[in-house]
Amino acid sequence: MSSMNRRRLLLTGSGAAMGIGLVPSPAAAARTRPAMPGAVTVTPDDARYTDLVSGLNQRWVAAPDRIVLPTTTRQVVELVQDAVDRELRISVRGGGHCFEDFVFNSEVDVVINMSRMNAVSFDEIRQAFAVEGGATLLHVYESLYEGWGVTIPGGACYSVGVGGHVSGGGYGMLSRAHGLTVDHLDAVEVVVVDASGKARSVVAGRDPGDPNHDLFWAHTGAGGGNFGVITKYWFRTPGSTGRDRGALLPRPPAEVFVTMASWPWEDVSKEGFVGLLEFYGSWLERHKDVSSPYKDMCVWLMPNHQSAGDIALIAQMDATVPDAPRLLTDFLDQLNQALGVSDTPRVPERTNGTYRSKYATTQRLPWLRATRYVGTVSPTQTDPNMRAKHKSAYHRRGFTRRQIETIYEHLTRSPQKARIAGLVMPSTGGRIAEVDPTATAVAQRDSIMKVTYETYWYDESDDAANIAWVRGVYADVYADTGGVPVPGERTDGCYVNYPDSDLGDARFNRSSVPWHDLYFKANYRRLQDVKRRWDPDNVFRHRQSVRA
């Protein structure tokens, strides 16, 4: 496996990034005000400014007249009130991973950067784990596991912020075994603005009898930037009781097998590629339920563009599951058979052991060590100069042969001017599907995989070619449904945490299904009701925010 693709990993979308230009407009500069008491304020003349006006995707660089970094909910209320009083446009940054310009854009005057509000604690009153809105995933995992031996089933990328990740649903390596992140959400604290223009903090809980329950529900899948500033989440698994804190959230497996496989393109024929994707889709269909012996395994198949050198795969499986070594080995054997290649995959019997075969490396690791490893090695998450474009699709069934041949054609065309390009195809199913589509704002519950089409590159001069490549493969794969994965028998719309502004453009979405129904399906109407109640003046908005 090439070092580049061995380190290429899972992207779970969340909290921020967008805009153009580094010099504030005269109008914005005229509205600049003194620092807000209690919070750090950064203005264009501050050396820190250029570090705080963009996120992961360097296509989006904003020019706000100030960035503010609060440390308390009260400060957030004051910051929001000040911006509303001065009619300044607000955006909120969590981890900085938003794929579109929903945080950093040319209309933003004030960026509320939540990174200093990152505490993880146990709330004795609520008997739930409290996580502030600026915390990042690895910090949450380390704090929960080291402190109490528990975790939440969230994303693999270490630096994703919880603010956007959780509000969009959240999923990751443990989701087949434990559901989505929001399936363990107990309450959320949000700073909102009422019809009179008054900012205040509101706590909304999971209990349907909570008078603010609709606001809670909206934060279980609507995505960030819709209703207010998320300052805190509380987590506790539904039905958990007692005073044992270690029983209030899922306990991760003590050890896991982590397999990283790589098949060089020179070893892959078109017939082998078709066989691989057909097998993967049918395997996911067969093992989509919690009754499957593979419910404790998550797989990410990554068919990269030929110029990247190989097709990659990451699998993580609970090593304590009975017969886990055989189950994992059988799966890897079947992948090789589908590709038409020969290999002898095995798994190590001892902790911290490693087994390398021709195409795969499998390690047996303690869970937290594996989580750090998987979450921190991706260059697409750590390279400071990446530009990117993403599209997504929920699949209820595997790709058709026509779709697979279309993907092959796009992956084997002339080399892209990209650091890396291709598809990411993580497995879903398991306990995700046990929750009713209306119980949370996440409407897509019975998919077998969540597919991402992506490309990363460095130079602005290569923007047009890379964006065109992603648009082209996506449009051709879903040509039968207007260029987008319309909810139906095979596909089920798009993932809001992997936002795509093209969905609202008739040039690229030729279906009769609007962008909001691709994300939310019938749940959008209820989200509009929540918007009307909690943000009647549309203070919190971006290009694809909920619209009353």
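Residues numbered from 1 in each chain as written. Predicted model: local features only at pLDDT ≥ 70, side-chain atom pairs only at ≥ 80, totals over all residues. Heavy atoms only, no water.

A few words now on the overall build of the protein. Broken down by element type, the protein carries 15 helices and 17 strands. Expected size for 548 residues packed as a compact globule is a radius of gyration near 24 Å; at 23 Å, the protein falls within 12% of this value. For the C-alpha atoms alone, the extent of the protein along its principal axes is close to 65 × 55 × 45 Å. When burial is assessed residue by residue, the protein has 65% of its 548 residues classed as buried. A separation threshold of at least 6 residues defines the contact pool for the protein, and within that pool the share at least 24 residues apart is 73%. Just so you have it, the protein exposes about 19300 Å², and 48% of that area is on carbon and sulfur atoms. Side chains of the protein carry 61 positive and 62 negative charges; the gap between the two charge centres is 1 Å. (Helix = DSSP H or I, 4+ residues; strand = E, 2+ residues; numbered from the N terminus. Rg over C-alpha atoms; globule rule 2.2 N^0.38 Å. Buried < 20%, exposed > 50% of the residue type's maximum accessible area, 1.4 Å probe, protein only. Contact = heavy atoms within 4.5 Å. Areas by Shrake-Rupley, 256 points an atom, 1.4 Å probe, with all protein chains shown as cover. Lys, Arg positive; Asp, Glu negative; His and termini not counted. Charge placed at Lys NZ, Arg CZ, Asp CG, Glu CD.)

This part takes up the domain arrangement of the protein. Annotation of the protein at the domain level lists domain 1 (38–252) and domain 2 (255–521). Its C-alpha centre places domain 1 at a distance of 27 Å from the equivalent point of domain 2. Between domain 1 and domain 2, the residue contacts involve 42 residues of the former and 52 residues of the latter. Both sides of the domain 1 and domain 2 interface together cover about 4000 Å² of buried area, and 60% of this is carbon and sulfur. Three residues stand out in domain 1 for area buried against domain 2, namely Y171, M173 and R176, and they jointly supply 25% of the buried area on that side. Connecting domain 1 to domain 2 are four salt bridges. The partner of D183 in a salt bridge is R445, with the nearest N and O atoms 2.8 Å apart. Our count for the domain 1 to domain 2 interface comes out at 23 residue pairs in polar contact (both at pLDDT 80 or more). Among the elements of the structure, α4 (137–148), α5 (162–167), α6 (175–178) and α7 (213–218) are those that each provide at least two residues to the side of domain 1 that touches domain 2. Residues belonging to the side of domain 1 that touches domain 2 are distributed by class as follows: 20 nonpolar, 16 polar and six charged. (Domains from an automatic or database assignment. Buried area = accessible area lost by both parts, 1.4 Å probe. Salt bridge = Lys/Arg side-chain N within 4 Å of Asp/Glu carboxyl O. Polar contact = N/O pair within 3.5 Å; in protein donor to acceptor, adjacent residues only side chain to side chain. Nonpolar A, V, L, I, M, F, W, Y, C, P; charged D, E, K, R; others polar.)

Counted under the stated rule, the structure contains 23 aromatic pairs. An angle of 55 degrees between the planes, with centres 6.1 Å apart, marks the rings of W265 and Y408 as tilted. Remark: Y408 occurs in helix α12 (residues 401–411) and W265 occurs in the loop between β10 (255–264) and α8 (270–286); sequence separation between them is 143 residues. A relative accessible area of 4% means that W265 is categorised as buried. Ring plane angle 85 degrees and centroid distance 5.2 Å describe the contact between Y453 and Y474, whose orientation is recorded as edge-to-face. You can see Y453 sitting in strand β17 (residues 449–457) and its partner Y474 sitting in helix α13 (residues 463–477), a full 21 residues away along the chain. Here Y453 matches Y474 in class, with each residue buried. An aromatic cluster is present here, built from F99, Y171, W300, Y394, Y495 and Y498 joined pairwise through their rings. Seen from the ring of Y495, K450 lies directly overhead, with NZ or CZ sitting 3.6 Å from the centre. (Phe/Tyr/Trp six-rings, centres within 6.5 Å; stacked < 30°, edge-to-face > 60°. Lys NZ or Arg CZ within 6 Å of the ring centre and 35° of its normal.)

Running from N to C, α8 and α12 cross one another at 130 degrees; their axes reach a closest spacing of 10 Å. By the angle between their directions, the pair α8 and α12 is classed as oblique. Handedness of the crossing formed by α8 with α12: right-handed. Contact with α8, carried on its side by K270, F273, V274, L277 and E278, involves R401, I404, E405, I407, Y408 and L411 of α12 and no other residues of that element. Of the residues contributing to the contact of α8 with α12, the split by class is seven nonpolar, no polar and four charged. (Axes fitted to C-alpha atoms, helices over the stretch in contact; angles between N-to-C directions. Parallel < 35°, antiparallel > 145°, perpendicular 65-115°, else oblique. Left-handed = near helix turned anticlockwise from the far one by under 90°.)

Our focus in this paragraph is α12. Among the residues of α12, those classed as buried are Q403, I404, T406, I407, Y408, H410 and L411. Those residues of α12 that are buried lie in contact with α8, β11 (297–303), β15 (387–395), β16 (420–426) and α13.

Our next topic: the nonpolar core. Ranked by internal contacts, the top residues of the largest apolar core, which has 128 residues, are W263, F273, F331, F399 and Y453. Counting contributing residues, this core receives three or more from each of domain 1 (38–252) and domain 2 (255–521). The residues contacting F331, other than those within four sequence positions of it, are F279, W283, Y294, M297, V299 and L313. Core analysis: the next-biggest nonpolar cluster, separate from the first, contains 19 residues, V68, L88, I90 and I112 among them. (Core = buried A, V, L, I, M, F, W, Y, C linked by side-chain atoms within 4.5 Å.)

Under the feature "domain: FAD-binding PCMH-type" (unreviewed entry), the UniProt entry names residues 60–240. Counting secondary structure, residues 60–240 comes out at 23% helix and 24% strand; the distance between its end C-alpha atoms is 42 Å. (UniProt positions renumbered as here; feature names shortened; annotations may be inferred.)

Let us now look at the environment of K198. Mapped onto the fold, K198 is located in the loop between β7 (185–193) and β8 (199–205). Considering only alpha carbons, one finds K198 and V140, 58 residues apart in sequence, at a separation of 32 Å.

Our next topic: the sheet that holds strand β6 (residues 128–132). Taking strand neighbours across the sheet as the criterion, the five strands line up as β5-β6-β9-β7-β8 in an open arrangement whose pairing is antiparallel. Looking at the sheet topology across the chains shown, the edges are occupied by β5 (120–123) and β8. Averaged over all adjacent pairs, the angle separating strand axes in this sheet is 25 degrees, with direction ignored. Where β5 and β6 come together, four bridges link them in antiparallel fashion. Directly across from V120, in β6, lies its bridge partner V131. Its contacts with the sheet put helix α3 (residues 73–85) on β7, β8 and β9 (229–235), and the angle it makes with β7 is roughly 35 degrees. (Pairing = 2+ DSSP bridges.)

A few words on the pairing of β8. Where β7 and β8 come together, seven bridges link them in antiparallel fashion. When the sheet's bridge partners are listed, E189 is paired in β8 with V203. In sequence, β7 turns back onto β8 through a hairpin of five residues, with G197 there showing a positive phi of about 85 degrees.

This paragraph deals with the side chain of S447. Considering the arrangement of structural elements, one finds S447 in the loop between β16 and β17. Leave out the neighbours within four places in its chain, and S447 touches Y394, H395, R396, T428 and G429.

Turning our attention to the sheet that holds strand β4 (residues 110–113). Read from one edge of the open sheet, four strands run β1-β2-β4-β3, paired in mixed fashion. Because the sheet does not close on itself, it has two edges, and the strands there are β1 (40–42) and β3 (90–93). Strand-to-strand twist in this sheet, taken as the mean axis angle between neighbours without regard to direction, amounts to 25 degrees. Where strand β2 (residues 66–69) and β4 come together, three bridges link them in parallel fashion. Within β4, the position partnered with V68 by the bridge is I112.

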